[in-house]
Amino acid sequence: QEYECEFLGSEDTLIKASKKSSLSHEQPIFQNEEGLIVYKAPIKNHIYAMCVDTSRGQGQDYHAVTVVDATQMPYEVVARFRNNVMPVMIFPNLIEVLGNRYNEAYALIELNDTGQQVSDILREELEYENIINITVKGKKGQKAGEGFGTGRVQYGIKMSNQTKKTGCLVLKEMIEHDKILLNDFDIIAELSTYVAKGVSYEASPGYNDDLISTLVMFGWLTTQPYFKDIVNTDIRRKLFEDKLKKLEE
């Protein structure tokens, strides 16, 4: 009976009501009027993933970026950006600066809408190297990776019903089992209006879900063998360096 009441009270949101009420936000160490909020400074040798959702910059949907420390669990949102008036042409410059600040973060860009343009500028004009490319393998869907093997390669992800469904399930699991620290007030606010719609989830009418969309992308990314390789390779390298240092001492 208690379970049923909770479910009804939660208006069928992605995260159960009892969990939402226990989520807490941090005080930023930096924020500006453009919509950038920083919670944790970059840490040397840490691995950061930066997920990017683009809009048209015309005062409706938001450009959104979340930077997640992916070095170990619990993962942690260390910075985020949200702005709905920044011109599309300028947005890649912000992504580049933010990415470089966080140890050349691995960038996953959503290509729907103006995302292709943002990805092209970031890669071709700004020469940002750590854009995660995706191989499209027909019925097998999209795979993050180095762009080798068969299939069409694109510099970013096209959110489909399948990728979104996977991302939502993983994000739900991570939040409800404390495997990710969200830290941000607006992310937590978006979660409380992120509701079931058909077989998927989206913001209730009149609300936004741009920051949550970036975390859904991150959820999808963590299921990819490529992501596990990035994290493990870097951890192995770090352990090796520490060992070497101790030997030298």
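Read on for an overview of the structure. Everything quoted here is computed from the prediction, not taken from an experiment. (Residues numbered from 1 in each chain as written. Predicted model: local features only at pLDDT ≥ 70, side-chain atom pairs only at ≥ 80, totals over all residues. Heavy atoms only, no water.)

**Observations regarding the packing of helix H5 (residues 161-176) against helix H7 (residues 210-221)**
What counts, and what does not: Axes here refer to lines fitted to C-alpha atoms; in helices the fit is confined to the stretch in contact. Angles between the N-to-C directions go from 0 to 180 degrees. Helix and strand definitions here come from DSSP, where helices need a minimum of 4 consecutive H or I residues and strands a minimum of 2 consecutive E residues; each element is numbered from the N-terminal end. Oblique is the label for any angle not under 35 degrees, not over 145, and not in the 65 to 115 range, which are roughly parallel, roughly antiparallel and roughly perpendicular in turn. The contact rule is simple, with two residues in contact once any of their heavy atoms fall within 4.5 Å. By the convention adopted, Pro, Cys, Tyr, Trp, Phe, Met, Ile, Leu, Val and Ala count as nonpolar, Lys, Arg, Asp and Glu as charged, and the other residues, Gly among them, as polar.
Two elements in contact, H5 and H7, have axes whose closest approach is 7 Å; the angle formed by their N-to-C orientations is 90°. What the angle tells us is that H5 and H7 run roughly perpendicular. On H7, the residues touching Thr-163, Lys-164, Thr-166, Gly-167, Cys-168, Val-170, Leu-171 and Met-174 of H5 are Ile-212, Leu-215, Val-216, Phe-218, Gly-219 and Trp-220. Grouping the amino acids of the contact of H5 with H7 by side-chain chemistry returns nine nonpolar, four polar and one charged.

**Structural notes on H7**
The condition is simple: Multiplying 1.5 Å by the helix residue count minus one yields the expected span of that helix. Accessibility here uses a 1.4 Å probe with only protein chains present; expressed as a share of the type maximum, an area under 20% marks a residue as buried, one over 50% as exposed, and anything in between as partly exposed.
Between its first and last C-alpha, H7 extends 17 Å over twelve residues, near the 16 Å set by a 1.5 Å rise per residue. With respect to burial, H7 is a largely interior element, twelve of its twelve residues being buried. Every buried residue belonging to H7 is among Asp-210, Leu-211, Ile-212, Ser-213, Thr-214, Leu-215, Val-216, Met-217, Phe-218, Gly-219, Trp-220 and Leu-221, and all of these are buried.

**What about the nonpolar core?**
To be explicit about the condition: As used here, the term nonpolar core means buried Ala, Val, Leu, Ile, Met, Phe, Trp, Tyr and Cys residues forming a set that is joined through side-chain atoms within 4.5 Å.
In this structure, Leu-108, Leu-182 and Phe-218 are the most contacted members of the largest nonpolar core, which totals 42 residues. Sorting the residues of this core by element identifies strand S3 (48-53), strand S4 (63-69), strand S5 (75-83), strand S6 (106-109), H5, helix H6 (185-191), H7 and helix H8 (225-248) as the ones contributing at least two each. Among the elements that take part in this core, H7 stands out by supplying eight residues, more than any other. With residues near it in sequence (within four places) discarded, Phe-218 still touches Ala-49, Cys-51, Val-68, Ala-70, Tyr-75, Met-174, Ile-180 and Phe-227. Val-38, Val-67, Leu-98 and Tyr-102 belong to the second-largest nonpolar core, a separate cluster that totals 24 residues.

**Let's talk about the layout of surface pockets**
Using the following cut-off: Buried and open spaces are told apart on a 1 Å grid over the protein atoms alone, a cavity being a set of points where a 1.4 Å probe fits but cannot get out and a pocket being an open set with protein on both sides within 12 Å along at least five of seven lines. Residues with an atom within 4 Å of a point are the lining residues. Grid points are joined across faces, edges and corners, and a volume is the space filled by probe spheres set on the points.
Approximately 410 Å³ is the volume found for the largest pocket. What lines the largest pocket is a set of 23 residues, among which Asp-53, Glu-110, Lys-164, Asp-209 and Ser-213 lie closest to the centre. For the lining of the largest pocket, the secondary structure elements donating two or more residues are H5, strand S12 (200-203) and H7. The residue inventory of the lining of the largest pocket, partitioned by class, reads seven nonpolar, eight polar and eight charged.

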